[in-house]
Number of protein chains: 2
Amino acid sequence: MSNSYCVATYRCYDEKADFAKKAQGIAVGLTVGSWTDLPEAKKAEMERHLGKVIDVQVHEPGANAPLSERYADISIAYPDANFSRDIPALLVTVFGKLSMDGRIKLIDLSFSEAFLSAFPGPKFGLQGVRDLLGVHDRPLLMSIFKSVIGHDLSTLREQFYLQAASGVDLVKDDEILFENPLTPIEKRVEACIQAAKQAESETGQKLLYATNLTGPTFSLLDQARKAIDAGANALLFNVLSYGFDVLSELSRHPDIKVPIMAHPAMAGAFYPSPHYGIAANVLLGKLMRLAGADLVLFPSPYGSVVMPREENMAIKEVLLTQQASDYVYSSEASSSNGALSLKTSFPVPSAGIHPGLVPLILRDFGEQVIVNAGGGIHGHPMGTIAGGRAFRQAIAACQAGIPLRQYAENHPELQAAIDAWGIKE
Amino acid sequence: MSNSYCVATYRCYDEKADFAKKAQGIAVGLTVGSWTDLPEAKKAEMERHLGKVIDVQVHEPGANAPLSERYADISIAYPDANFSRDIPALLVTVFGKLSMDGRIKLIDLSFSEAFLSAFPGPKFGLQGVRDLLGVHDRPLLMSIFKSVIGHDLSTLREQFYLQAASGVDLVKDDEILFENPLTPIEKRVEACIQAAKQAESETGQKLLYATNLTGPTFSLLDQARKAIDAGANALLFNVLSYGFDVLSELSRHPDIKVPIMAHPAMAGAFYPSPHYGIAANVLLGKLMRLAGADLVLFPSPYGSVVMPREENMAIKEVLLTQQASDYVYSSEASSSNGALSLKTSFPVPSAGIHPGLVPLILRDFGEQVIVNAGGGIHGHPMGTIAGGRAFRQAIAACQAGIPLRQYAENHPELQAAIDAWGIKE
């Protein structure tokens, strides 16, 4: 009988460690605890619980580099038999105690087919979101509510209407808008969906509004039901402040009949250090998709809050891949040729995006992306409606292969945006 | 009417930033969004939602230090009016987007009295745990189940009995033991509590067994009820893999009639980097106590997995302080003189502890500490029972002011432990 394993890969810095020995120590210490002391009969019985070293790649620092740059990438296979099929159990197993043991970062995860099969993944996924909107032939456009704290329903409704009328496909709440007496979730949804309908009757364009799901964990399902009953057609969720399992529980629940948009709030506490934490492709990529995020926001390489391009592309790859081999660990090569059972998640590079960045976004992400802007829409010199239009024009220009400056000659909204923020190439 | 605020302090590295301006940008950007552009009438209305810069302490690097070491400690007050009274809302507000914006670490939090009042805190606390055990005159001793994966109930029961008979006050599950067919939680609790009773009848000493609460988030309450119905008298919980709010919800729930022990699994993804993440005193100190952890485990400065002593002492301080002023932010000096409404949490410095470290632990933590050991008990050359005894002897020696070597002359278990692992001074 062959066992199944989930595999964690770590980047581990140490000036003088014997990395092969260290890897062996992890594989044994975080599974059966001790091995060499066990009697042979016991070994046979415990073999199925024993971790295995899959790979150790040592990177010695160059001649002029300090010893502190010496590291190894270590891959350890953990038997499924050791943990239940949920993300907290997996993370505690592979990076619970180990996270505190020196300079070590979790840089990749892959899963057994058995583990993976416990996760339905995104309920809608990229294609499902496109189907809801009826838009299949271009990148989508999203705008972000801004400066909504302290405002009442009518102000919110007005801001929503302007965004909706500007040609965006989705509007998301500000992630720092929580339950409050002025705009409680069910009232907010009602007002915004009303404004969306009004705009739709004028533009013929459908719209998703991702309302921020907040409050105590054990009340989130009720809160989501309340929002959905009031007409919410999407939810925004600050996944990392609640834990991946809550997303996983919400997304698989039959009452959650709308897409979930994962916000990366607090992600910066995990991914940016080279020496500690969890890499962005795992944190905002694989785990978000596994847990069922239909859309995933993350900083872009271009805007006001930036992430290195390489990390960004790694997130994109794992959100969009349809190859099982990118997610599934199998010691038998044969079984890694199939299609991944999880729907794809829509990548949403965010923060400080303006129309002059659209060519870069489309170059890096292709058409399967959501262009997402806050200030780049609301702060447009000609107003919010022009702000959305300028983005749609930038997208259309890119799709037609026309340089933005040329397209802007007949499109004053795009021209004004370029005058305000420039073009980045 | 005066507003109430929660305050976040950040260490922010930047080679050339105008930190005062940066602080102002945070205070406005993460609250009302924009300020200078608002009409005066609107400003009056929005004032209560506006963040305030409390302090900016710039540390210029010394003459020979690189510019990359330039940083400022920035304190920002966030109006309570902006967020609901739960930890996810607070963290997303103060360190959601900001966590991703350059080299910045959350190094302290203080709370308004109003925010704090929404948290009952530890249900038992340090004193409550002592009361349950009937031990008030010495540091407590805890042992950790080791190598339990893949073992059956009778092996578990036997290992438990040996620990219990060795003189420990508490036994904790291995945090990587999840629901499994061999030792499901209710069977595990039954077997271990039975073993505890047997040992108690022999030693006259009471015992708490912290069983690991695991599985899907929305089933944790039921799982905890099942364990408590089976006789569990404490729970172990991997807080950071579920989120602080789940601990907060569990600890305040009337059905959870036993102490909760918070495990630091995954904490190393947050605290060790000087540039990113959340400092240990916030992560494993203030937030754990606020969320209701009766006992908090964390790496010690002495053992196999280490944390700098200064950070360790900062955790201890915030778990044990009874001064409201350590937790409460108030612009009025008068109101910071009271006693903190939260019960204290028991500090449990852990990992690689052996009897020769007891003098250091007691020097740093005093008597309000739990000495916690795994290998240092099970791996004792004379066996598990001798392992626990050696620790109790080391504690007794310290309390009597007798050097360990001298005390060991008449205590062979302690002598054997010293021979095996030495004494650290």
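This is a predicted model, so every value here is computed, not measured. (Residues numbered from 1 in each chain as written. Chains lettered and ligands numbered in written order. Predicted model: local features only at pLDDT ≥ 70, side-chain atom pairs only at ≥ 80, totals over all residues. Heavy atoms only, no water.)

(A) Expanded view of the overall build of chain A. When you go through chain A residue by residue, the secondary structure sums to 17 helices and 13 strands. At 24 Å, chain A has a C-alpha radius of gyration in line with the 22 Å of a compact globule built from 425 residues. Dimensions of chain A along its principal axes, counting C-alpha atoms only, are 75 × 55 × 40 Å. Per-residue burial for chain A yields a buried fraction of 61% across its 425 residues. Of the roughly 15200 Å² that chain A leaves accessible, carbon and sulfur atoms contribute 49%. The averaged location of the 46 negative side-chain charges in chain A is 1 Å from the averaged location of its 37 positive side-chain charges. (Helix = DSSP H or I, 4+ residues; strand = E, 2+ residues; numbered from the N terminus. Rg over C-alpha atoms; globule rule 2.2 N^0.38 Å. Buried < 20%, exposed > 50% of the residue type's maximum accessible area, 1.4 Å probe, protein only. Areas by Shrake-Rupley, 256 points an atom, 1.4 Å probe, with all protein chains shown as cover. Lys, Arg positive; Asp, Glu negative; His and termini not counted. Charge placed at Lys NZ, Arg CZ, Asp CG, Glu CD.)

(B) A look at the packing of helix α6 (residues 153-165) of chain B against helix α7 (residues 185-203) of chain B. All names here are of chain B. It is at 8 Å that the axes of α6 and α7 come closest, and there the two elements cross at 35°. Judged by the sense of rotation from one axis to the other, the crossing of α6 with α7 is right-handed. Of the residues in α7, those touching α6 at L153, L156, R157, F160, Y161, A164 and A165 are K187, R188, A191, C192, Q194, A195, A196, Q198, A199, E202 and T203. Grouping the constituent residues of the contact of α6 with α7 by class yields eleven nonpolar, three polar and four charged. (Axes fitted to C-alpha atoms, helices over the stretch in contact; angles between N-to-C directions. Left-handed = near helix turned anticlockwise from the far one by under 90°. Contact = heavy atoms within 4.5 Å. Nonpolar A, V, L, I, M, F, W, Y, C, P; charged D, E, K, R; others polar.)

(C) Examining the pairing of strand β7 (residues 208-212) of chain B more closely. Residue and element names in this part refer to chain B. The element β7 is largely enclosed, with a buried count of five among its five residues. Burial of β7 is two-sided: the residues L208, A210 and N212 facing one way and the residues Y209 and T211 facing the other way are all buried. Pairing analysis gives three bridges linking strand β6 (residues 170-172) to β7, with the strands arranged parallel. Among the inter-strand pairings, L170 is bridged to a residue of β7, identified as L208. This β-α-β element, β6 to α7 to β7, shows right-handed connectivity. Where β7 and strand β8 (residues 234-237) come together, three bridges link them in parallel fashion. Among the inter-strand pairings, A210 is bridged to a residue of β8, identified as A234. At this point the chain moves from β7, through helix α8 (residues 220-229), to the parallel β8, and the crossover so formed is right-handed. (Pairing = 2+ DSSP bridges. Right-handed = clockwise from strand over helix to strand, strands pointing away.)

(D) Quick look at the interface of chain B and chain A. If you look at the interface, chain B gives 63 residues, while chain A gives 63 residues. Its largest share of buried area at the contact with chain A, chain B owes to M100(B), F218(B) and M266(B), together 14% of the area lost on that side. Run the count over chain B and chain A and you get zero salt bridges. Inspection of the region where chain B meets chain A yields eight residue pairs in polar contact (both at pLDDT 80 or more). Those elements that place two or more of their residues in the side of chain B that touches chain A are α2 (40-46), α3 (87-95), α9 (239-242), α10 (244-252) and β10 (277-278) of chain B. Sort the elements by how many residues they give to the side of chain B that touches chain A and α3(B) lands first, with six residues. (Buried area = accessible area lost by both parts, 1.4 Å probe. Salt bridge = Lys/Arg side-chain N within 4 Å of Asp/Glu carboxyl O. Polar contact = N/O pair within 3.5 Å; in protein donor to acceptor, adjacent residues only side chain to side chain.)

(E) The layout of surface pockets, seen in detail. Here the second largest pocket is characterised by a volume of approximately 860 Å³. Looking at the second largest pocket, it is lined by 37 residues, and the ones nearest its centre are K97(A), K146(B), S304(B), V305(B) and A351(B). When residues in the lining of the second largest pocket are grouped by element, the largest group, four residues, is from helix α1 (residues 19-29) of chain A. Here the residues of the lining of the second largest pocket are counted per class, giving 17 nonpolar, 13 polar and seven charged. (1 Å grid on protein atoms, 1.4 Å probe; cavity = no way out; pocket = protein on both sides within 12 Å on 5 of 7 lines; lining within 4 Å. Points joined across faces, edges and corners; volume = space filled by probe spheres on them.)

(F) Representation of helix α5 (residues 125-133) of chain B. When α5(B) is considered as a whole, its buried residues turn out to be G125(B), L126(B), G128(B), V129(B), R130(B) and L133(B). Contacts from the buried residues of α5(B) go to β5 (140-144), β6, β7, β11 (295-299), α12 (309-320) and β12 (346-350) of chain B.

(G) Structural context of the sheet that holds β5(B). Residues and elements named next belong to chain B. Taking strand neighbours across the sheet as the criterion, the eight strands line up as β12-β11-β9-β8-β7-β6-β5-β13 in an open arrangement whose pairing is parallel. If you trace the sheet from one side to the other, it starts and ends with β12 and β13 (370-373), each paired once. Each adjacent strand pair in this sheet contributes to an overall mean axis angle of 25°, direction not counted. Contacts between α12 and the sheet are confined to β11 and β12, with β11 contributing the most and set at about 175° to the helix.

(H) Structural view of the relation of the copies chain B and chain A. Structural alignment of chain B on chain A gives an RMSD of 0.0 Å, achieved by rotating through 180° and translating 0.0 Å along the axis. This pairing of chains is accounted for by a two-fold axis. Considering only C-alpha atoms, the part of chain B nearest the rotation axis is G243(B), at 2.6 Å. Comparing interface residues between copies, 100% of those in chain B also sit at the interface in chain A, which points to an isologous, same-surface contact. (Least-squares fit on C-alpha atoms with pLDDT ≥ 70 in both.)

(I) Structural context of helix α11 (residues 280-290) of chain A. Residues and elements named next belong to chain A. For α11, the tally of buried residues reaches eleven of eleven residues, placing the bulk of the element in the interior. When we look at burial in α11, the residues that qualify are A280, N281, V282, L283, L284, G285, K286, L287, M288, R289 and L290. Following α11 by one or two positions, G292 has its phi on the positive side, about 100°.

(J) Fine view of the sheet that holds strand β3 (residues 71-79) of chain B. All names here are of chain B. Read across the sheet, five strands follow the order β2-β3-β1-β4-β10 without closing on themselves; strand pairing throughout is mixed. On the outer flanks of this sheet lie β2 (52-59) and β10, each paired with one strand and no other. Sheet analysis places strand β1 (residues 5-13) next to strand β4 (residues 103-110), joined by seven bridges and oriented antiparallel. The residue bridging C12 from the neighbouring strand is I104, located in β4.

(K) Seen up close, empty space enclosed by the protein. Under the counting rule described, the total for this entry stands at three cavities of 30 Å³ or more. One number sums up the size of the largest cavity: a volume of about 250 Å³. Lining of the largest cavity is provided by 23 residues; of these, L240(A), G243(A), F270(A), L240(B) and F270(B) occupy positions nearest its centre. Mapped onto the lining of the largest cavity, the elements with two or more residues apiece are α3 (87-95), α9 (239-242) and α10 (244-252) of chain A together with α9 of chain B.

(L) Fine view of the environment of I370(B). All names here are of chain B. Take I370: it is sitting in strand β13. Once the C-alpha coordinates of I370 and L126 are considered, the two residues, 244 residues apart in sequence, prove to be 10.0 Å apart. When sequence neighbours within four positions are dropped, the list of residues in contact with I370 reads L140, L141, M142, L170, L295, F346, P347, V348 and P349.

(M) Local environment of the pattern of salt bridges. All names here are of chain A. Applying the stated criterion across every chain yields a total of 32 salt bridges over all chains. A salt bridge links D222 to R225, with the shortest nitrogen-to-oxygen separation between them at 2.7 Å. Taken together, the positions of D222 and R225, both in helix α8 (residues 220-229) and three residues apart, correspond to about one turn of that helix. Between D364 and R363 there is a salt bridge, with the nearest N and O atoms lying 3.0 Å from each other.

(N) Focus on the side chain of S241(B). Along the chain, S241(B) falls in helix α9. The exposure class of S241(B) is buried, given its relative accessible area of 6%. A distance of 2.9 Å separates the side chain of S241(B) from the backbone oxygen of N238(B), its partner in a polar contact. Once you skip the residues sitting within four places of it in the chain, S241(B) turns out to touch P88(A), V92(A) and M266(B).

(O) Region of interest: the packing of aromatic side chains. For the structure on display, the rule yields 23 aromatic pairs over all chains. Between F237(B) and Y242(B), the ring centres sit 4.9 Å apart and the planes meet at 20°, which makes this aromatic pair stacked. Taken as a pair, F237(B) and Y242(B) share a single burial class, namely buried. An aromatic cluster is present here, built from F83(A), F111(A), F115(A), F119(A) and Y327(A) joined pairwise through their rings. (Phe/Tyr/Trp six-rings, centres within 6.5 Å; stacked < 30°, edge-to-face > 60°.)

(P) Looking closely at the environment of D229(A). Relative to the elements of secondary structure, D229(A) occurs in helix α8. Measuring from C-alpha to C-alpha, the distance between D229(A) and A20(A) comes to 56 Å, with 209 residues separating the pair along the chain.

(Q) Structural view of the environment of R70(B). All names here are of chain B. Among the secondary structure elements, R70 is positioned in the loop between β2 and β3. On the basis of relative accessibility, which here comes to 9%, the residue R70 falls in the buried class. Each C-alpha atom of the pair R70 and K105 lies 14 Å from the other, and the pair is 35 residues apart in sequence. Not counting residues up to four positions away in its chain, the partners in contact with R70 are C12, Y13, D14, E15, K16, A17, F19, V58, H59, E60 and P61.

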